[in-house]
Amino acid sequence: MRILITGAGGSLGSGLAEALEGTHELVLSDCFDLSARHEFRRADLRSLDQTLPLARGCDFIVHTPAWHGLHGSIKSEVEYWQLNVDGTFHIFQSALQHNVRSMVWISSVSISGWERDKYGFSKFIGEHLCGYYHRVHHLRIAILRPWDFTPFGNDFIRYGERLLAGGVDRRDVVGATLRAMDRVVDGAIECDWFEIGKDHPFTEQDCAQFKDDPKGIIEKYWPGYSDLIDKYHIRFPEKPLVIDLKKTKEVLGYSPQYHFGTFLAELRERDRKALPVR
Ligand SMILES: NC(=O)c1ccc[n+]([C@@H]2O[C@H](COP(=O)([O-])OP(=O)(O)OC[C@H]3O[C@@H](n4cnc5c(N)ncnc54)[C@H](O)[C@@H]3O)[C@@H](O)[C@H]2O)c1
């Protein structure tokens, strides 16, 4: 397949390009030049004229660019609309012009706050654009709603703490995207959304007791890490965030690999080797 990845210089886009390398022909696009081994098409997606040629000769589009949670205080409603909504509309126009019928479109769990938040609202409109292009133009689209996979530079502790709250490892988001692409291609998905988060072993009772004894609950599932939890002053949420991934697992075959337990195991390794964690 010849796959167009928009936002190929970003966190998810670059992870995808890396993961797909060697298995598919890639066409990468971003608004700044990338030194890529693949065909590169520079375009500012806020411009219809620049976006229209992008899908030429491609079979599949993975559309990633958006201002997101991190940009809330620095980007205006206008800027969110121009990239997240206009950019999405433009890429659909490009898909139509070049007869590309298959797409993964990256939304966000922030869509749940769409009524009051410019980011969530832009994803809400974006998902409706996906629905429109499916119903009217018969595109097949997997819409992914990831939790927070923002990289926090070298702050490995923050990465770990986030895996008990609203975080998911970027590698699992990349994996979910690859699976979603397969399901669109094999016809299992017509147009549907999927939440992408991390896995957890916690029962309802664990969650209820977590606030009073977080280390005790953690010890139950991942024993032997209390010393590290104290040493690195790991902060716990009042209760771990439990996400329902049933549909995502059933349809995509999604099986997230990274969670608080894998974080603790890696922290042990880093500690042994005296590697920096912040
Ligand atoms: N990062 C997260 O934690 C998170 C969580 C949930 C959903 N999402 C969604 O996932 C998607 C990818 O997020 P990410 O973290 O990889 O984003 P990112 O900010 O790392 O990358 C976005 C890319 O889009 C490009 N871009 C920006 N403006 C552009 C324009 N005008 N024209 C063309 N390209 C432009 C940027 O240069 C960048 O390479 C987004 O749609 C985001 O809303 C992200």
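Residue numbers here run from 1 along each chain, matching the order of that chain's written sequence. Restriction of local features to residues with pLDDT of at least 70 applies here, the model being predicted, together with a cutoff of 80 or more for giving and counting side-chain atom pairs; totals for whole chains, interfaces and linings are based on all residues. Neither water nor hydrogens contribute to the side-chain values; these are computed over all heavy atoms in the structure.

Undergrad: Where do I start with the site of the ligand in this structure?
TA: In the vicinity of the ligand, 27 residues are found, and the nearest of them are Leu 12, Asp 30, Thr 64, Tyr 119 and Phe 149. One nitrogen or oxygen atom from the main chain of Gly 10 is found 2.9 Å from an oxygen atom belonging to the ligand. A 3.5 Å cut-off defines polar contacts: any pair of N or O atoms within that distance qualifies, except that in protein one atom must be a possible hydrogen donor and the other a possible acceptor, and neighbouring residues in sequence count only when both atoms are side-chain atoms. In the environment of the ligand, an oxygen atom lies 2.8 Å from a nitrogen or oxygen atom belonging to the backbone of Ser 11. The protein chains hide 90% of the 830 Å² of surface that the ligand would expose on its own. In this description a helix means any DSSP run of H or I spanning at least four residues, a strand means any run of E spanning at least two, and both kinds are numbered starting from the N terminus. Within the residue set of the shell around the ligand, elements represented by two or more residues are α1 (11-20) and α4 (118-137). Classification convention: Asp, Glu, Lys, Arg as charged; Ala, Val, Leu, Ile, Met, Phe, Trp, Tyr, Cys, Pro as nonpolar; all other residues, Gly among them, as polar. Of the residues in the shell around the ligand, the class split is 13 nonpolar, 9 polar and 5 charged. Definition of nearness: a residue and a molecule or strand are near each other if at least one heavy atom of the residue lies within 4 Å of the molecule or strand. Each accessible area is a Shrake-Rupley result for a 1.4 Å probe, and residues are judged covered by the shown protein chains and nothing else.

Undergrad: For this particular structure, what's the right way to read the packing of aromatic side chains?
TA: Where two aromatic rings form a pair, the distance of their centres and the angle of their planes describe that pair. Between 30 and 60 degrees the pair is tilted, below 30 it is stacked and above 60 it is edge-to-face, where a pair is any two Phe, Tyr or Trp rings, Trp via its six-membered ring, whose centres lie within 6.5 Å. By the definition in use, this model includes 18 aromatic pairs. When the ring of Trp 114 is compared with that of Phe 121, the centres are 6.4 Å apart and the planes differ by 25°; the resulting orientation is stacked. Remark: exposure states derive from per-residue accessible area (1.4 Å probe, protein chains only) relative to the maximum for the residue type, with buried under 20%, exposed over 50%, and partly exposed in between. On the basis of relative accessibility, which here comes to 29%, the residue Trp 114 falls in the partly exposed class. Residue classification places Phe 121 among the partly exposed positions, given a relative accessible area of 33%. Judged by centre distance (3.9 Å) and plane angle (5°), the ring pair of Trp 114 and Phe 124 falls under stacked. Of this pair, Trp 114 sits in the loop between β5 (102-106) and α4 while Phe 124 is found in helix α4, placing the two residues 10 residues apart along the sequence. Put simply, the rings of Phe 156, Tyr 159, Phe 202, Phe 210, Tyr 221, Trp 222, Phe 236, Phe 260 and Phe 263 pair up and form one aromatic cluster. Positioned above the aromatic ring of Trp 67, the side-chain terminus of Lys 75 is 4.4 Å from the ring centre. In this analysis the charged atom, NZ for Lys or CZ for Arg, is taken to sit over a ring once it is within 6 Å of the ring centre and within 35 degrees of the ring normal.

Undergrad: Whenever I open this one, the side chain of Arg 41 confuses me. Can you help?
TA: Within the secondary structure, Arg 41 is located in strand β3 (residues 39-42). Looking at Arg 41, the relative accessible area reads 9%, which means it is buried. A polar contact is formed between the side chain of Arg 41 and the backbone oxygen of Leu 54, at a distance of 2.5 Å. Those residues in contact with Arg 41 that lie beyond four places of it in its chain are Arg 2, Val 27, Leu 28, Ser 29, Asp 30, Pro 53, Leu 54, Ala 55, Arg 56 and Cys 58. Between two residues, a contact is recorded if the distance between any of their heavy atoms is within 4.5 Å.

Undergrad: Looking at this structure, I do not really get the pairing of strand β1 (residues 2-6). What am I missing?
TA: Along a regular strand, successive side chains alternate from one face of the sheet to the other. With respect to burial, β1 is a largely interior element, 5 of its 5 residues being buried. Here β1 shows a buried face lined by Arg 2, Leu 4 and Thr 6 and a second buried face lined by Ile 3 and Ile 5. Looking at chain direction, β1 and strand β2 (residues 25-30) are connected through 5 bridges and run parallel. Looking at the pairing, Ile 3 lines up with Leu 26 of β2. Two strands are said to pair when DSSP picks up at least two bridges between them.

Undergrad: What am I meant to see in the pattern of salt bridges here?
TA: Side chains that differ in sign of charge can pair as their charged atoms come close. Salt-bridge detection follows one rule: a side-chain nitrogen of Lys or Arg within 4 Å of a carboxyl oxygen of Asp or Glu. The full count for this structure, using the stated rule, is 23 salt bridges. For Arg 2, the salt bridge identified is with Glu 39, shortest N-O distance 2.5 Å. Within this pair, whereas Arg 2 is found in strand β1, its partner Glu 39 is found in strand β3, the two being separated by 37 residues in sequence. In this structure, Lys 220 and Asp 206 form a salt bridge, with 2.5 Å as the shortest nitrogen-oxygen distance. In this pair, Lys 220 sits in helix α8 (residues 214-221) while Asp 206 sits in helix α7 (residues 204-210), placing the two residues 14 residues apart along the sequence. Each of Arg 2, Glu 25, Glu 39 and Arg 41 takes part in one network of salt bridges that share partners.

Undergrad: I keep staring at α8 and nothing clicks. Help me out?
TA: Quick reminder: α-helices carry 3.6 residues per turn. Residues three or four places apart thus point the same way. Those residues of α8 that sit buried are Pro 214, Ile 217 and Ile 218. One face of α8 carries all of its buried residues, which in axial projection span an arc of 100°. Contacts from the buried residues of α8 go to α7, α9 (226-231) and α11 (260-272). This arc describes the spread of directions from the helix axis toward the C-beta atoms.

Undergrad: What is the right way to look at the nonpolar core in this model?
TA: Across soluble globular proteins, nonpolar side chains show a tendency to be buried alongside one another. With 30 residues, the main nonpolar core has Ile 3, Ile 5, Val 104, Leu 144, Ile 196 and Leu 252 as its most contacted residues. Per-element accounting of this core gives the leading share, 6 residues, to helix α6 (residues 170-185). Those residues in contact with Ile 3 that sit more than four places away from it in its chain are Leu 20, His 24, Glu 25, Leu 26, Val 27, Phe 60, Val 62 and Met 181. In these notes, a set of buried Ala, Val, Leu, Ile, Met, Phe, Trp, Tyr and Cys residues joined through side-chain atoms within 4.5 Å is what counts as a nonpolar core.

Undergrad: Sorry if this is basic, but what is going on with the sheet that holds strand β7 (residues 191-196) here?
TA: Across a sheet, paired strands are connected by hydrogen bonds in the backbone, their directions being either parallel or antiparallel. Strand order in this open sheet of 7 strands is β3-β2-β1-β4-β5-β6-β7, and the pairing throughout is parallel. Two strands in the sheet have a free side with no partner beyond their single neighbour: β3 and β7. Averaged over all adjacent pairs, the angle separating strand axes in this sheet is 20°, with direction ignored. In terms of strand pairing, strand β6 (residues 140-146) meets β7 through 6 bridges, oriented parallel. Across the sheet, Ala 142 pairs through a bridge with Asp 192, a residue of β7. Axis definition: a line fitted to C-alpha atoms, limited for helices to the stretch in contact. Angles are taken between N-to-C directions and run from 0 to 180 degrees. Packing of helix α3 (residues 77-97) onto the sheet brings it into contact with β1, β4 (60-63), β5 and β6, and relative to β4 it is tilted by some 175°.

The values reported here are purely geometric and, on their own, carry no functional implication.
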